[in-house]
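# Examination of the molecular architecture
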Amino acid sequence: MSEQNPTSATLAEAPVSYDKQLERIEIELLLEGIFRQYGFDFRAYAYSSIRRRIWKRITAEHLENVSALQERVLHDPRMMERLLLDLSVNVTAMFRDPGFYAAFRAEVIPLLRTYPFIRIWHAGCSTGEEVYSMAILLQEEGLYDRSRLYATDINEVVLQQAKAGIFPLERMQEYTENYIRAGGKRSFSEYYTAKYDGALFTPTLRQNVVFSQHNLVTDRSFSEFNVVLCRNVLIYFDKTLQKRVHGLFYESLVNFGILCLGSKESLKFSEYEECYEQVSKMEKIYRKVR
Ligand SMILES: C[S@@+](CC[C@H](N)C(=O)[O-])C[C@H]1O[C@@H](n2cnc3c(N)ncnc32)[C@H](O)[C@@H]1O
């Protein structure tokens, strides 16, 4: 599935009569309140995208305005949970952008073979499809046994789903096609068994995966990695926050470590641009060189 364009107006909107300046004040107060009450910091996310997601929740809850949502969110953690799912945009897929996985196999795997032990960080892993895809790829390349994958997300609900490793059965055809286009070497159906209406992925794929909550806005680096993947997350952040997160990735990578971004993201115009060389320009794969 392709990423929803965060600037397209597909979600619920504010009423036309809504005072834009007042709306901005209310949204800033809501985000400040969420940060102070729950520790989730959305204050530096791209405004137009966050605004639409807030209105989506206001409409779903049949509320009048942003202040009404704020009142509910601050007093009801379950409302915060629902809003968090809207704000964190969890769209994902297995072997999403198959060309990326094909390039990773061709360009990055030979570099990883030179390491005795491989540490990979999936930052913003959502429900885990990206992590299981990487585990399959590493297994097929004979590198999985010496790899450890760290899969993190701000959202505990999606992490629980990732740990379970059960994905919708109706998406298996799309995933099989992605897998083949990504250069998969076996039959994709070998990796899962159908259970009720879900596809349960083989537990060996998560044997070397550590799932844990980590917030890119407020938390620090927690280890050194050979590869950091952060795909389709930075598009939701404003420039200042993107800069912080690039700093975090730079610190977290070993020398000659690999950084993988999403198709609409890049290091261009970031202050770290000079610190990396391009491994695949098309697939946004970079290598830390200084
Ligand atoms: C669109 S999904 C991307 C999933 C996967 N990387 C992919 O490309 O398919 C974005 C994910 O980033 C997570 N996210 C958003 N803000 C975050 C933050 N501050 N720290 C960590 N994860 C965050 C969301 O919860 C969501 O699961």
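Everything in this summary refers to the structure shown in the same document. Residue positions are given per chain, counted from 1 along the sequence in the order it is written. This being a predicted model, a pLDDT of at least 70 is required before a residue's local features are given, and a value of 80 or more before pairs of side-chain atoms are given or counted; all residues contribute to the totals for chains, interfaces and linings. Just so you know, side-chain values use all the structure's heavy atoms and leave hydrogens and water out.

Here the focus is the sheet that holds strand β4 (residues 192-195). One open sheet accounts for 3 strands, arranged β3-β5-β4; its pairing is antiparallel. Pairing within the sheet leaves two strands with one partner each, and these edge strands are β3 (166-168) and β4. Neighbouring strand axes in the sheet, compared pairwise and without regard to direction, differ in orientation by 35 degrees on average. Bridge analysis of β3 against strand β5 (residues 198-201) gives 3 bridges, and the strand direction is antiparallel. Should DSSP find at least two bridges between two strands, the strands are taken to pair. Numbered from the N terminus, helices here are DSSP runs of H or I no shorter than four residues, and strands are runs of E no shorter than two. Orientation is described by axes fitted as lines to C-alpha atoms, over the contacting stretch for helices, and by angles from 0 to 180 degrees between their N-to-C directions.

Grid spacing is 1 Å over the protein atoms alone, the probe is 1.4 Å, and a cavity is where that probe fits but cannot get out, while a pocket is an open set with protein on both sides within 12 Å along at least five of seven lines and lining residues have an atom within 4 Å of a point. Grid points are joined across faces, edges and corners, and a volume is the space filled by probe spheres set on the points. What the largest pocket holds in volume is close to 320 Å³. Lining the largest pocket are 15 residues, with Lys239, Gln242, His246, Ser266 and Lys268 sitting closest to its centre. Looking at the lining of the largest pocket residue by residue, the classes come out as 4 nonpolar, 5 polar and 6 charged. There is about 190 Å³ of room inside the second largest pocket. Surrounding the second largest pocket, Ser266, Leu267, Lys268, Glu273, Tyr276, Glu277, Gln278, Lys281, Lys284 and Tyr286 form its lining. Three classes are used, and their members are as follows: Ala, Val, Leu, Ile, Met, Phe, Trp, Tyr, Cys and Pro are nonpolar, Asp, Glu, Lys and Arg are charged, and the others, Gly among them, are polar.

Among the structural elements, Gly257 can be located in strand β8 (residues 253-261). Spatially, the C-alpha atoms of Gly257 and Val108 are 9.9 Å apart, while their sequence positions differ by 149 residues. Leave out the neighbours within four places in its chain, and Gly257 touches Asn226, Tyr286, Arg287 and Lys288. Residue contacts are defined here by distance: any two heavy atoms, one from each residue, within 4.5 Å place the two residues in contact.

With respect to spatial proximity, 21 residues lie near the ligand, and among them Tyr45, Thr92, Arg96, Asp153 and Asn232 are the closest. The contact in question runs from an oxygen atom of the ligand to an N or O atom on the side chain of Thr92, over 2.6 Å. Two N or O atoms count as a polar contact when they lie within 3.5 Å, although within protein this holds only if one can serve as hydrogen donor and the other as acceptor, and sequence-adjacent residues are included solely when both atoms are side-chain atoms. At 2.6 Å from an oxygen atom of the ligand is found a side-chain nitrogen or oxygen belonging to Asp153. Expressed as a share of its isolated accessible area of 600 Å², the protein-covered part of the ligand is 98%. Neighbouring residues are identified by heavy atoms, a residue being near a molecule or strand if any of them is within 4 Å of it. Calculation of accessible area relied on Shrake-Rupley with a 1.4 Å probe; when residues are assessed, cover is drawn exclusively from the protein chains displayed.

Okay, the packing of aromatic side chains next. Stacked, tilted and edge-to-face are the three classes applied to pairs of Phe, Tyr and Trp rings, where Trp contributes its six-membered ring and a pair requires centres within 6.5 Å; stacked means planes under 30 degrees apart, edge-to-face means over 60, and tilted covers the rest. Tallying each qualifying case throughout the model produces 26 aromatic pairs. Taking the centre distance of 6.3 Å and the plane angle of 65 degrees together, the rings of Tyr132 and Phe201 count as edge-to-face. Here the residue Tyr132 occupies a position in helix α6 (residues 129-140), and Phe201 occupies one in strand β5, the gap between them amounting to 69 residues. Residues Tyr132 and Phe201 agree in their burial class; the two are buried. Exposure is judged per residue with a 1.4 Å probe applied to protein chains only, and the accessible area is read against the type maximum: over 50% gives exposed, under 20% gives buried, and values in between give partly exposed.

So, about the packing of helix α2 (residues 47-60) against helix α4 (residues 77-88). The N-to-C vectors of α2 and α4 enclose an angle of 140 degrees; their axes lie 9 Å apart at closest approach. One way to sum up the angle between α2 and α4 is to call them oblique. In this structure, α2 crosses over α4, and the sense of that crossing is right-handed. Along its contact with α2, which presents Ile50, Arg53, Ile54, Lys56 and Arg57, the element α4 presents Met79, Arg82, Leu83, Asp86 and Leu87. Throughout this description, any angle smaller than 35 degrees is read as roughly parallel, any larger than 145 degrees as roughly antiparallel, any in the 65 to 115 degree range as roughly perpendicular, and the remainder as oblique. Crossing handedness is read from the near helix: turned anticlockwise from the far helix by less than a right angle, it gives a left-handed crossing, and turned clockwise, a right-handed one.

Successive residues of a regular strand alternate their side chains across the two faces of the sheet. Most of β8 sits inside the fold, with 7 of its 9 residues counted as buried. Of the crossover connections in this fold, the one passing from strand β7 (residues 225-230) over helix α9 (residues 239-252) to the parallel β8 is right-handed. Bridge count for β8 against strand β10 (residues 285-288) is 3 bridges, and the pairing is antiparallel. Directly across from Leu259, in β10, lies its bridge partner Tyr286. Every crossover in which the path from the first strand over the helix to the second runs clockwise, viewed with the strands pointing away from the viewer, is termed right-handed.

Here the focus is empty space enclosed by the protein. Taken as a whole, this structure holds 2 cavities of 30 Å³ or more when the rule is applied. In this structure, the largest cavity encloses a volume near 330 Å³. Lining of the largest cavity is provided by 26 residues; of these, Ser88, Val89, Gly124, Asp153 and Val233 occupy positions nearest its centre. Those elements that provide at least two residues to the lining of the largest cavity are α4 and β2 (147-153).

This paragraph deals with the pattern of salt bridges. Every case where a carboxyl oxygen of Asp or Glu lies within 4 Å of a side-chain nitrogen of Lys or Arg is listed as a salt bridge. In this structure the tally under the stated criterion is 18 salt bridges. Where Arg24 meets Glu28, a salt bridge forms, and the shortest distance between an N and an O atom there is 3.4 Å. Placement of both Arg24 and Glu28 in helix α1 (residues 20-38) is noted, with a separation of 4 residues, approximately one turn of the helix. Residue Glu28 is classed as partly exposed on the basis of its relative accessible area of 48%.

Any link to function would need more than the numbers given here.
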